[in-house]
Amino acid sequence: MSNDEQSAPYSGVAQHDAASAPAARRPARIRTHHLQRFKDEGQRFAMLTAYDAMMAQVFDETGIEVLLVGDSAANVMQGSASTLGITVDELLVYAKSVVNGAKRALVVADLPFGSYQATPAQAVHTAVRFMKEAGVQAVKMEAHAGLAPHVKAVVDAGIPVMAHAGFTPQSEHQLGGFRVQGRGEHAQQVIADARALEEAGAFCLLVEMIPAELAAQLEQEVRIPTIGIGAGSATTGQVLVWQDMLGLNNGRLPRFVKQYADLRGTITEAVQAFRCEVQKGTFPTDEHTF
């Protein structure tokens with residue numbers, strides 16, 4: 001038994017009481033083979049984005065299996081309209097912060113736009129930086145069959161790759177905006193991409209904004225686990241951007257987002273109360289004074 005394993009198998013199912021599950025039933029550290037085991041055993045897992053140590057620690061302690069340091073940091077952390085502008089150096093800072101906060105979850109980092117598409121050697125160079133400088137355990141690459149050699153080169157270098165197919169935000173201009181992919185005759189292309197990426201060595205396949213029936217077909221046709229976002233419920237895993245899921249984002253939300261809390265409302269009320277007490281002179285009190 002490895003150091004990553006406890007005396008009994010982990011349930012793999014994301015539940016509200018996951019953090020309170022007996023330690024003996026949970027891996028000390030989620031690895032890529034655990035995700036494969038979840039699929040093989042018909043279990044499911046959850047993935048959330050994370051960009052800082054504090055939120056990574058919270059998510060980690062609740063039992064979230066995978067944390068994604070997404071290039072969506074460009075949107076939710078930097079206020080950009082798209083993911084295209086974020087740089088490797090910028091995302092490395094977020095990735096290192098998440099690694100510092102997570103003790104158990106598998107931490108995966110996006111490779112930013114322009115940092116891996118040119119050549120397989122470029123892809124390896126960028127992926128190595130995320131492994132060495134940030135300490136992530138895997139990288140994610142938005143890819144199609146034409147980029148399978150790039151994925152294979154990174155895998156051959158000893159770096160696990162999560163592939164991302166279907167709608168790929170880094171290709172939004174080529175795809176004509178945020179549009180559902182894989183409808184009609186285009187479904188076969190998504191399937192071909194998935195098979196090529198699996199053959200290239202990807203340990204997992206994230207599929208975004210594709211019809212639910214196509215996602216269900218992919219889950220059956222590829223051996224590796226699939227993770228869905230806007231792809232129905234048949235995938236092994238599900239992922240959301242945490243600011244969307246917890247109600248911090250007050251902008252227009254995609255149809256596939258479910259908000260589990262209203263953090264924006266809670267924070268707004270708390271900040272307003274703080275400001276009011278400062279203006280009235282009721283904070284700080286003797287209790288908060290040396």
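Residues numbered from 1 in each chain as written. Predicted model: local features only at pLDDT ≥ 70, side-chain atom pairs only at ≥ 80, totals over all residues. Heavy atoms only, no water.

As a further point, take the overall build of the chain. Helix and strand counts for the chain stand at 11 helices and 8 strands. The C-alpha atoms of the chain give 20 Å as radius of gyration, which agrees with the globular expectation for 290 residues (19 Å, within 12%). Principal axes of the C-alpha set define a box for the chain whose edges measure 65 × 50 × 35 Å. Looking at the 290 residues of the chain, the share that counts as buried comes to 49%. (Helix = DSSP H or I, 4+ residues; strand = E, 2+ residues; numbered from the N terminus. Rg over C-alpha atoms; globule rule 2.2 N^0.38 Å. Buried < 20%, exposed > 50% of the residue type's maximum accessible area, 1.4 Å probe, protein only.)

Here the focus is the pairing of strand E4 (residues 138-142). Judged by how many residues are buried, E4 sits mostly within the fold: 5 of 5 residues are covered. Covered by surrounding structure in E4 are Ala-138, Lys-140 and Glu-142 together with Val-139 and Met-141, the residues of both alternating faces. Bridge count for E4 against strand E5 (residues 161-166) is 4 bridges, and the pairing is parallel. Paired with Met-141 across the strands is Ala-163, a residue of E5. The handedness of the E4 to E5 crossover, carried by helix H6 (residues 148-156), is right-handed. (Pairing = 2+ DSSP bridges. Right-handed = clockwise from strand over helix to strand, strands pointing away.)

Next up on the list: the environment of Ala-215. One can find Ala-215 in helix H9 (residues 212-221). By relative accessible area, which is 1% here, Ala-215 ends up buried. Measuring from C-alpha to C-alpha, the distance between Ala-215 and Ala-231 comes to 5.9 Å, with 16 residues separating the pair along the chain. Those residues in contact with Ala-215 that sit more than four places away from it in its chain are Ile-210, Ala-231 and Thr-235. (Contact = heavy atoms within 4.5 Å.)

Spatially, 8 strands are ordered E1-E2-E3-E4-E5-E6-E7-E8 in a closed barrel, and the strand pairing comes out parallel. Strand-to-strand twist of the sheet, defined as the mean angle between neighbouring strand axes without regard to direction, takes the value 25°. Relative to strand E8 (residues 237-240), strand E1 (residues 45-49) runs parallel, the two being bridged by 4 bridges. Along E8, the bridge assignment pairs Ala-46 with Gln-238. Against the sheet, H6 makes contact with E4 and E5, and its axis sits at roughly 175° relative to E4, the strand it touches most. (Axes fitted to C-alpha atoms, helices over the stretch in contact; angles between N-to-C directions.)

A separate point is the layout of surface pockets. Its volume calculated, the largest pocket comes out at about 1,100 Å³. In terms of lining residues, the largest pocket is bounded by 41 residues, among which Phe-178, Glu-208, Met-209, Pro-254 and Phe-256 are the most central. For the lining of the largest pocket, the secondary-structure elements that each account for two or more residues are helix H3 (73-76), E4, strand E6 (204-208) and E8. Along the lines of polarity and charge, the residues of the lining of the largest pocket split into 20 nonpolar, 11 polar and 10 charged. (1 Å grid on protein atoms, 1.4 Å probe; cavity = no way out; pocket = protein on both sides within 12 Å on 5 of 7 lines; lining within 4 Å. Points joined across faces, edges and corners; volume = space filled by probe spheres on them. Nonpolar A, V, L, I, M, F, W, Y, C, P; charged D, E, K, R; others polar.)

All right, on to the nonpolar core then. Among the nonpolar cores identified, the biggest contains 67 residues, and Phe-59, Leu-67, Phe-130, Val-136, Val-139 and Val-154 are the most heavily contacted of them. Core analysis: the second largest hydrophobic core is formed by 17 residues, Leu-35, Phe-38, Phe-203 and Leu-206 among them. (Core = buried A, V, L, I, M, F, W, Y, C linked by side-chain atoms within 4.5 Å.)

Before going further, it helps to spend a moment on a nonpolar patch on the surface. A surface patch of nonpolar side chains, amounting to about 270 Å² of accessible area, comprises Phe-274, Val-278 and Phe-283. Its place among the elements puts Val-278 in helix H11 (residues 263-280). (Patch = residues over 30% accessible without salt bridge, like charges linked within 9 Å, V, L, I, M, F, W, Y side chains within 5 Å. Areas by Shrake-Rupley, 256 points an atom, 1.4 Å probe, with all protein chains shown as cover. Salt bridge = Lys/Arg side-chain N within 4 Å of Asp/Glu carboxyl O.)

Before going further, it helps to spend a moment on the environment of Pro-160. Mapped onto the elements, Pro-160 comes out in the loop between H6 and E5. The spatial distance from the C-alpha of Pro-160 to the C-alpha of Ala-127 is 9.4 Å, given a sequence separation of 33 residues. When sequence neighbours within four positions are dropped, the list of residues in contact with Pro-160 reads Thr-32, Met-131, Gln-137, Ala-138, Val-139 and Phe-203.

Before going further, it helps to examine the packing of aromatic side chains. This structure, assessed with the given rule, holds 4 aromatic pairs. Here the aromatic rings of Tyr-51 and Tyr-94 are separated by 6.5 Å at their centres, their planes lie at 80°, and the arrangement is edge-to-face. Residue Tyr-51 is found in the loop between E1 and helix H2 (53-62), and its partner Tyr-94 is found in helix H4 (residues 88-101); the two are separated by 43 residues along the sequence. Comparing Tyr-51 with Tyr-94 shows no difference in burial state: the two are buried. (Phe/Tyr/Trp six-rings, centres within 6.5 Å; stacked < 30°, edge-to-face > 60°.)

Taken over all residues, the pLDDT of the chain has a mean of 92, while the share at 70 or more is 91%. Counted against residues more than four places away or in other chains, residues 6-15, with its pLDDT under 50, gives 34 contacts. Counting interchain partners and residues more than four positions distant, the pLDDT-below-50 stretch residues 17-24 has 11 contacts. (pLDDT = per-residue confidence, 0-100.)

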